[in-house]
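Fold and contact review
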Amino acid sequence: MSNYRSRSPYIATRKGRNLSPERRRYRRRNMDDDEDGHLIYRRGDILQKRYKILSTLGEGTFGKVVRVLDLRSDQMVALKIIKNVDKYREAARLEINVLEKLAEADPHCKQSNDNSFQSLCVKMLDWFDYHGHICIAFEMLGLSVFDFLKDNNYQPYPIDQVRHIGYQLCYSVKFLHDNHLTHTDLKPENILFIDSDFDVVYVSKKSKEKKKDVKRVKNTDIKLIDFGSATFDDEHHSTIVSTRHYRAPEVILELGWTQPCDVWSIGCILFELYLGITLFQTHDNREHLAMMERILGPLPYRMCRKTKTKYYHHGRLDWDYKSSAGRYVRENCKPLHRYLLSDDEDHRLLFDLIGKMLQYEPSSRITLTEALNHQFFDKLPLEKRLHLLESNNNNNNNNSNTTNNINSINSTTSTSTSTTTSNNNSNNNSNCNSNSNSNSNSNSNSRDRGDDQRDSS
């Protein structure tokens, strides 16, 4: 691999020996990128004299993620190598900015020696520009909850695991919201297990069915990733955000969006973890809205009238219910409560939470602060209910500060009392001297002597 690459912005097309040095360098640079802008690398290549490439972990539109050995720390690291394309470079720089701001805002990161994130957001370890490729080093994590689901033949997660994963997701996204950020691209692919090791269990839904092996992840601790689309409250908000299946109605209708659009996405994710299927399996806006109305009921008239899109006419969805697409929606979608797998309280509470997350009006949607205190999460052990631990720590810190303040006040009061006593003693001695002088003065009047006697007493 070449160690030197030109960053010339234009593409060399001339051939021959008489190329300028700049164009010759650019041709050499192109030899190390494929036609899509991906960095061409081989196992064993070393970047920045530090990161030794071992294998490819995944690939996306942004670039590739590779497993590397950090030769400085001797630790395995996930290295995200961005395409050498302007728009992806810019998105990567925005993601780096967000990750740095999150690190600054995470109190646990500041206080802990291991630099772990209490916010449950992925930890950025390093970043650098490798000849036009922005590279971001992250802590090594396990499979995404989607990849684990896929590898498990889309067998849904047990409800106890849905509870823990869902709680952590709410907690992590709430941290973003508290810091004036909206993730805008929440989906199962962007939720990674810290460790995706699993056990194999044998289950069957009915006694007559043949038992089959199902994977059960051992540890449901997760981290949230991919902040390339995260948007601060005061930044420009793109018209369309979120991956299709997790996109909120206000985004589809182009009514503008804020943080509640993340809550809608979480509701869709909880449904998918519970059932193993996507709630809104579509790639068309009008069909997407028809599915919403089939599952959740008609959209509010206000939203239908306010939108400038062409999907509604006089407050009603412009949709042919008798078409093949209409029959597909009717046959494959049903009211939300009919997806319940059990009438047990845990299942009903989960769907109560999902229903509150899937309120059409963003202002009516449950907030993540409210979601963390929802009854569905009550069965989590205290050590996993991070917002309560955080609240207790804050209270303890406040109590400690109060105690320190009281001690400080007591110390100050004691010092003040001591000083006052000393001053009083000094004044008494002074008064005694004054009385002695007054008594020896034959010209003192009775009023002066009375005052002297009162002071002395």
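Our subject is the structure that appears above.
All values reported here derive from a predicted model rather than from experimental measurement. (Residues numbered from 1 in each chain as written. Predicted model: local features only at pLDDT ≥ 70, side-chain atom pairs only at ≥ 80, totals over all residues. Heavy atoms only, no water.)

The end-to-end C-alpha separation of helix H8 (residues 285–296) is 16 Å, in line with the 16 Å expected for 12 residues at 1.5 Å each. Most of H8 is tucked away, with nine of its 12 residues classed as buried. Turning to H8, its buried residues number three or more, namely Asn285, Glu287, His288, Leu289, Ala290, Met291, Met292, Glu293 and Ile295. Next to the buried residues of H8 lie helix H6 (249–252), helix H7 (260–275), strand S13 (312–313), strand S14 (316–317) and helix H10 (324–332). Its side-chain oxygen 3.1 Å from the backbone nitrogen of Arg286, Asp284 forms the N-cap of H8. Note on H8: the residue one or two positions beyond its end, Gly297, has a positive phi of about 95 degrees. (Helix = DSSP H or I, 4+ residues; strand = E, 2+ residues; numbered from the N terminus. Expected span 1.5 Å × (residues − 1). Buried < 20%, exposed > 50% of the residue type's maximum accessible area, 1.4 Å probe, protein only. Contact = heavy atoms within 4.5 Å. Polar contact = N/O pair within 3.5 Å; in protein donor to acceptor, adjacent residues only side chain to side chain.)

Counted by the stated rule, this structure contains 14 aromatic pairs. Both rings, one in Tyr51 and one in Phe128, keep their centres 5.6 Å apart while their planes meet at 10 degrees; by these two values the pair is stacked. Here the residue Tyr51 occupies a position in strand S2 (residues 51–59), and Phe128 occupies one in strand S5 (residues 124–130), the gap between them amounting to 77 residues. Residue Tyr51 is classed as buried on the basis of its relative accessible area, which comes to 1%. Residue class for Phe128 comes out buried when judged on its relative accessible area of 7%. When the centroid spacing of 6.1 Å and the interplanar angle of 25 degrees are considered together, the rings of Phe148 and Tyr157 count as stacked. Comparing Phe148 with Tyr157 shows no difference in burial state: the two are buried. Among the aromatic residues, ring-to-ring pairing joins Phe148, Tyr157, Phe193 and Phe198 into one connected group. The positively charged end of Lys80 is found above the aromatic ring belonging to Phe62, 4.7 Å away from the centroid. (Phe/Tyr/Trp six-rings, centres within 6.5 Å; stacked < 30°, edge-to-face > 60°. Lys NZ or Arg CZ within 6 Å of the ring centre and 35° of its normal.)

Burial analysis of strand S6 (residues 133–139) places six of its seven residues in the buried class, the great majority of the element. Pairing of strand S4 (residues 75–82) with S6 involves five bridges; the strand directions are antiparallel. Counterpart to Val77 in the pairing with S6 is Glu139. In the sheet, S5 pairs with S6 via six bridges, with the strands oriented antiparallel. If you follow Phe128 over to S6, its bridge partner there is Cys135. Linkage of S5 to S6, two consecutive antiparallel strands, is achieved through a turn of two residues, within which His131 is found at a positive phi near 55 degrees. (Pairing = 2+ DSSP bridges.)

The contact between helix H5 (residues 159–178) and H7 brings their axes to 10 Å, and the two run at 165 degrees. Relative to H7, the element H5 lies roughly antiparallel. H7 is crossed by H5, and the crossing has right-handed handedness. The segment H5 lies against H7, with Ile159, Val162, Ile165, Gly166, Leu169, Cys170, Val173 and His177 engaging Asp262, Ile266, Ile269, Leu270, Leu273 and Tyr274. When the residues that make up the contact of H5 with H7 are grouped by side-chain class, the tally is 11 nonpolar, two polar and one charged. (Axes fitted to C-alpha atoms, helices over the stretch in contact; angles between N-to-C directions. Parallel < 35°, antiparallel > 145°, perpendicular 65-115°, else oblique. Left-handed = near helix turned anticlockwise from the far one by under 90°. Nonpolar A, V, L, I, M, F, W, Y, C, P; charged D, E, K, R; others polar.)

Let's shift gears to the side chain of Arg89. Along the chain, the position of Arg89 falls in helix H2 (residues 86–105). When near neighbours in sequence (up to four residues on either side) are disregarded, Arg89 contacts Ile82, Lys83, Asn84, Gly132 and Ile134.

The subject of this paragraph is the sheet that holds strand S1 (residues 46–47). Spatial ordering of the open sheet is given by S1-S2-S3-S4-S6-S5, a layout of six strands whose pairing is antiparallel. Two strands lie at the open edges of the sheet, namely S1 and S5, each paired on one side alone. The pairing of S2 with strand S3 (residues 63–70) spans seven bridges and is classified as antiparallel. Bridge pairing in S3 places Lys52 opposite Leu69. The strands touched by H2 within the sheet are S4, S5 and S6, with S6 carrying the most contacts at an inclination of about 35 degrees.

Moving on: the packing of H8 against H10. Following both chains from N to C, one finds H8 and H10 inclined at 35 degrees, their axes separated by 10 Å at the closest point. You can see that H8 and H10 cross each other, and the crossing is right-handed. Only Ala325, Tyr328, Val329 and Arg330 of H10 make contact with H8, whose side of the interface consists of Glu287, Ala290, Met291 and Arg294. Split into classes, the residues belonging to the contact of H8 with H10 amount to five nonpolar, no polar and three charged.

Now for the pattern of salt bridges. Pairs may arise between side chains of opposite charge once their charged atoms sit close together. Scanning the model with the defined rule gives 16 salt bridges in all. Here Lys80 ties to Glu95 by a salt bridge, and the two come within 3.0 Å at their closest N and O atoms. Taken as a pair, Lys80 in strand S4 and Glu95 in helix H2 lie far apart in primary sequence, 15 residues in all. With relative accessibility at 3%, the residue Glu95 sits in the buried group. Asp378 is the partner of Arg385 in a salt bridge, and the nearest nitrogen-oxygen pair spans 3.5 Å. On the basis of relative accessibility, which here comes to 9%, the residue Arg385 falls in the buried class. For Asp378, a relative accessible area of 42% corresponds to the partly exposed category. Several salt bridges converge on common partners, so that one network encompasses Asp160, Arg163, Asp346 and Lys379. (Salt bridge = Lys/Arg side-chain N within 4 Å of Asp/Glu carboxyl O.)

The next subject is the nonpolar core. One finds Tyr157, Phe227, Ile266, Leu289, Leu350 and Met357 to be the most contacted residues of the largest nonpolar core, which totals 92 residues. For this core, the element with the most residues is H7, which contributes 11 residues. In this structure, Phe227 is in contact with Glu95, Val98, Leu99, Leu102, Cys121, Val122, Leu176 and His183, ignoring residues within four places of it in sequence. (Core = buried A, V, L, I, M, F, W, Y, C linked by side-chain atoms within 4.5 Å.)

Between its first and last C-alpha, H2 extends 29 Å over 20 residues, near the 28 Å set by a 1.5 Å rise per residue. The inward-facing, buried residues of H2 abut S4, S5, S6, H5, strand S7 (181–182) and strand S12 (231–232).

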